[in-house]
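The chain contents come next:
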Amino acid sequence: MNSSELLTINCMRILSAEAIEKAKSGHPGITMGAAPMAYELWAKHMKHNPLNPKWIDRDRFVLSAGHGSMLLYSLLHLFGYGLTIEDIKNFRQLGSLTPGHPEYNHTPGVDASTGPLGQGLANAVGMAMAEAHLAAKFNTEDCKIIDHYSYALCGDGCMMEGISYEAASLAGTLGLGKLIVLYDSNNITIEGSTDLAFTEDVRARFEALEWQTILVEDGNDIEAIGRAIEEAKAEKNKPTLIEIKTVIGYGSPNKAGSNSSHGAPLGEDEVEATKANLGWNYSEKFFVPDEVKENMEGIKAELASKAEKWDKLYAEYRKKYPELAAEFDAWINDDFVSDLIDDDSYWLNSGDMATRACSEKILNIIAKKMPNLFGGSADLSPSNKSEMQGRDFFTKENRLGSNVHFGIRELAMAAIANGMYYHGGIRPYIASFFVFCDYMKPALRVSAISELPVISILTHDSIGVGEDGPTHQPVEQLAAYRSTPNFNVWRPCDINETAAAWYSAVTEKNTPTALVFTRQNTKNIGIDGRKALKGGYVIRESFKETPDVILIATGSEVGLVYDAYDVLKEKGISAQVVSMPCVEVFEQQSEEYKNSVLPKNVSKRIAVEASFDMSWYRYVGLEGEIIGMTEFGKSAPYSVLFKHYGFTVDNVVDRTLKLLGK
């Protein structure tokens, strides 16, 4: 390590410590201990272009230990990604480009939103899968336009989280040789030494998962770190874990190696003591010495040169392979299905069937139009009908496959899908039983925060699961996901609404979608699915100018309110029947439209849904009622359960009559 490199690394440490001190919150420990490995990677081994942070063939970098965000921000500042010293000074402040944890699409150069520990490792797995698939599809012998690595920087906490095991297991099985994890192994967590709760041999675990592992004994030895990274790159058939032994809070004379440096500012006196200890002889705060700037200018020039070489390669590729290049552009732009809106055969289908079977049909129509669709299930594809027919599976031997066996790893699956979308070029979807979306929730929450339109197929909804009983009957999950900002939940009633749900999901650019489907057959309402694209619509009009009552339902319960209309009509009661397959999309409509579906002057309303009733109070008001679930289900045939819990036409009619005082 020469003097300019040491000064640059110490500059990263001091900038981080000062920003955290000014904010009066943050995590200085990792920023100081891991600075050498981060500098070595970004300066000498990682392919990236500060002038084009979205360059498709850049190496990806995920700070899985997202609490060390100032480490990433110091890199982005020094490497010229547009983060200014003022941005560094505004760390963790409202509206700044330097939030407490890295946020995708907010700060230039941030490849993934991280913070929930371990998810970043899974994101990197998804990125590596996307890279392998795109490379297999578009590279030629003479023009490898997709040829890059996915890196993750993880800490001890990431390794403790179960998601790291799930994701690493799949990565080893798939032989993702272009995935490299730098493990900042400092043996400290918030509570103290990792020996309190974490004594396993992490490298032995990863070796058992079919990873190459490398140990670097000294986290300040950037030459050894560099050799380890190059050794990792040389292994083509296995992902690599590089364990790098570091000292948390390195440079702090009184807090280095202690949990006190993990999650709190060092304190003003300790920052000054750290500067003296590191030989930082500059009195000005947030200062970048000229020697550091000169060092970085040379590095940035080399990075720009590599990017220019790729630009020339891609120009050659476009000339030699114009059809492949046009297809590549189409995959990146992800606009394949907009013409479906005018295809009547897509929107007008008949037949009563389970909506999971409806989904299978619609998925495979869309798959024929969307070559970049890429996904699969957590070991349930025969049941949740999530396989794209006529396509191979993505395996260690076949990177061209686009169906995925995720294995029984729901949380990792969801975070891996996020990584695929972060990467770009493919459109990921995942699948499981609806009740297991609880395992997926932490990653799907990040999908919503990061505006990633990941699609989740979630079947076997409600007590309709039947004999498997309450552990497998999702009751509260609809309400939970509807409570998540920027998250669309579709629960269609038939194949035409399923067509709308899928169309909405694959054309959405900023919002993830859950597609919730039944195990049992449902009634086909026979209405053009395009009407469902507004999230809620009238399926049976009142025969009076003003309805006596509004009946609202979703999914399998739509058939009940549809049939209840006829019984009520015989009794002289006029109902307006509404199907509400997606509350979130309905709420985006104009007030005029919403009032046409749910007239404000009609206060007598009943919502019917075989789920927890919390979602429906906003629509039924104080004078309405909800036929829903207020307890967990039971083990019995679904038809018995629906009758037991009141999901019958007779009960809808009886409750309506009672509500109207009849």
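Residues numbered from 1 in each chain as written. Predicted model: local features only at pLDDT ≥ 70, side-chain atom pairs only at ≥ 80, totals over all residues. Heavy atoms only, no water.

Draft legend 1. Representation of the overall build of the protein chain in the model. Scanning the protein chain from terminus to terminus reveals 26 helices and 20 strands. A compact globule built from 662 residues would reach a C-alpha radius of gyration of about 26 Å, and the protein chain, at 28 Å, matches this within 12%. Structurally, the protein chain occupies a C-alpha span of about 90 × 60 × 45 Å along its principal axes. Put simply, the protein chain has 662 residues, and 62% of those count as buried. Across the protein chain, every contact between residues at least 6 apart in sequence was considered, and the portion connecting residues at least 24 apart equals 77%. In the form shown here, the protein chain has an accessible surface area of approximately 24,600 Å², with 48% of it arising from carbon and sulfur atoms. Positive and negative side-chain charges in the protein chain, numbering 65 and 89 respectively, have mean positions lying 4 Å apart. (Helix = DSSP H or I, 4+ residues; strand = E, 2+ residues; numbered from the N terminus. Rg over C-alpha atoms; globule rule 2.2 N^0.38 Å. Buried < 20%, exposed > 50% of the residue type's maximum accessible area, 1.4 Å probe, protein only. Contact = heavy atoms within 4.5 Å. Areas by Shrake-Rupley, 256 points an atom, 1.4 Å probe, with all protein chains shown as cover. Lys, Arg positive; Asp, Glu negative; His and termini not counted. Charge placed at Lys NZ, Arg CZ, Asp CG, Glu CD.)

Draft legend 2. Structural detail: the state of the cysteines. As enumerated under the stated definition, the model contains zero disulfides in all. The thiol of C437 is unpaired, and the distance to the nearest cysteine sulfur, on C582, comes to 15 Å. For the unlinked cysteine C582, the closest cysteine sulfur is that of C493, found at 14 Å. (Disulfide = S-S within 2.5 Å.)

Draft legend 3. Summary view of the packing of helix α3 (residues 35-45) against helix α12 (residues 290-320). Between α3 and α12, the least distance of the axes is 9 Å, while the angle of their chain directions is 45°. In terms of axis orientation, α3 runs oblique to α12. Touching Y39, W42 and A43 of α3 are N295, M296, I299 and L303, all from α12. (Axes fitted to C-alpha atoms, helices over the stretch in contact; angles between N-to-C directions. Parallel < 35°, antiparallel > 145°, perpendicular 65-115°, else oblique.)

Draft legend 4. How the structure looks around the nonpolar core. Formed by 219 residues in total, the largest nonpolar core has its most connected members in M129 and W502. Once residues within four sequence positions are removed from consideration, W502 is found in contact with Y346, S359, I362, L363, I366, I455, I457, L515 and F517. (Core = buried A, V, L, I, M, F, W, Y, C linked by side-chain atoms within 4.5 Å.)

Draft legend 5. Geometry of the pairing of strand β6 (residues 212-216). Within β6, four of the five residues are buried, which leaves the element mostly enclosed by the surrounding structure. Two elements, β6 and strand β7 (residues 240-245), share five bridges in a ladder whose sense is parallel. Bridge pairing in β7 links L215 to E243. For the handedness criterion, the β-α-β arrangement of β6, helix α10 (residues 222-234) and β7 is classed as right-handed. (Pairing = 2+ DSSP bridges. Right-handed = clockwise from strand over helix to strand, strands pointing away.)

Draft legend 6. Inspection of the packing of aromatic side chains at higher detail. Evaluation of the coordinates by the stated rule reveals 28 aromatic pairs. Here the aromatic rings of Y317 and Y321 are separated by 5.6 Å at their centres, their planes lie at 50°, and the arrangement is tilted. A relative accessible area of 0% places Y317 in the buried class. An aromatic cluster is present here, built from W55, F138, W310, Y314, Y317, Y321, F328 and W331 joined pairwise through their rings. Taking NZ or CZ as reference, K441 lies 5.8 Å from the ring centre of Y481, over its face. In this structure, K534 is placed above the aromatic ring of Y593, and the distance from its NZ or CZ to the ring centre is 4.4 Å. (Phe/Tyr/Trp six-rings, centres within 6.5 Å; stacked < 30°, edge-to-face > 60°. Lys NZ or Arg CZ within 6 Å of the ring centre and 35° of its normal.)

Draft legend 7. Representation of the sheet that holds strand β11 (residues 427-433) within the structure. Read from one edge to the other, the open sheet built from six strands follows the order β10-β9-β11-β12-β14-β13, with strand pairing classed as parallel. A single partner strand is all that each edge strand has here, and the edge strands are β10 (403-405) and β13 (488-490). Strand-to-strand twist of the sheet, defined as the mean angle between neighbouring strand axes without regard to direction, takes the value 20°.

Draft legend 8. Region of the structure containing helix α18 (residues 437-449). Here α18 spans 17 Å end to end across 13 residues, near enough to the 18 Å set by a 1.5 Å rise per residue. The inward-facing, buried residues of α18 abut α6 (119-138), α17 (410-423), β11, β12 (455-459) and α19 (477-482). Positive phi shows up at E451, right after α18, with a value of about 60°. (Expected span 1.5 Å × (residues − 1).)

Draft legend 9. Highlighting the pattern of salt bridges. All told, the structure shown has 37 salt bridges when counted by the stated rule. Close ionic contact of E40 with K44 constitutes a salt bridge, the shortest N to O distance being 3.2 Å. With a gap of four residues between them, E40 and K44 both fall in helix α3, about one helical turn apart. With relative accessibility at 3%, the residue E40 sits in the buried group. What emerges from the salt-bridge pattern is a single network uniting E587, E591, K594 and R618. (Salt bridge = Lys/Arg side-chain N within 4 Å of Asp/Glu carboxyl O.)

Draft legend 10. Region of interest: the environment of L411. Along the chain, L411 turns up in helix α17. Once residues lying within four places of it in the same chain are set aside, the contact partners of L411 are I163, E166, Y439, M440, P442 and A443.

Draft legend 11. Focus on the side chain of R409. Mapped onto the elements of the fold, R409 is located in the loop between β10 and α17. Buried and without a salt bridge, R409 has E166 as its closest oppositely charged side chain, separated by 6.2 Å. Polar contacts involving the side chain of R409 include one to the main-chain carbonyl oxygen of F406, which spans 2.9 Å. Those residues in contact with R409, other than ones at most four positions away along the chain, are E166, S169, L170, T173 and A378. (Polar contact = N/O pair within 3.5 Å; in protein donor to acceptor, adjacent residues only side chain to side chain.)

Draft legend 12. Examining unusual backbone geometry more closely. Look at K24: it is not a glycine, yet its phi comes out positive at around 65°. In this model, F286 sits at a positive phi of 55°, which is unusual for a non-glycine residue. As for its placement among the helices and strands, F286 is situated in the loop between α11 (268-277) and α12.

Draft legend 13. Structural detail: the side chain of R58. Looking at the secondary structure, you find R58 in the loop between α3 and β1 (60-63). The exposure class assigned to R58 is buried, which follows from its relative accessible area of 7%. One polar contact links R58 to D111, side chain to side chain, over a distance of 3.0 Å. Not counting residues up to four positions away in its chain, the partners in contact with R58 are K47, H48, P53, D111 and H148.

Draft legend 14. Representation of the sheet that holds strand β16 (residues 537-540). The five strands lie next to each other as β16-β18-β17-β19-β20, forming an open sheet whose pairing is mixed. Edge positions in the sheet fall to β16 and β20 (625-629), since each has one partner strand and no second. Strand-to-strand twist of the sheet, defined as the mean angle between neighbouring strand axes without regard to direction, takes the value 25°. Pairing of strand β17 (residues 549-553) with strand β18 (residues 575-579) involves five bridges; the strand directions are parallel. When the sheet's bridge partners are listed, A553 is paired in β18 with S579. Contacting β16, β17, β18 and β19 (605-612), helix α21 (residues 558-570) crosses the sheet at an angle of about 170° to β18.

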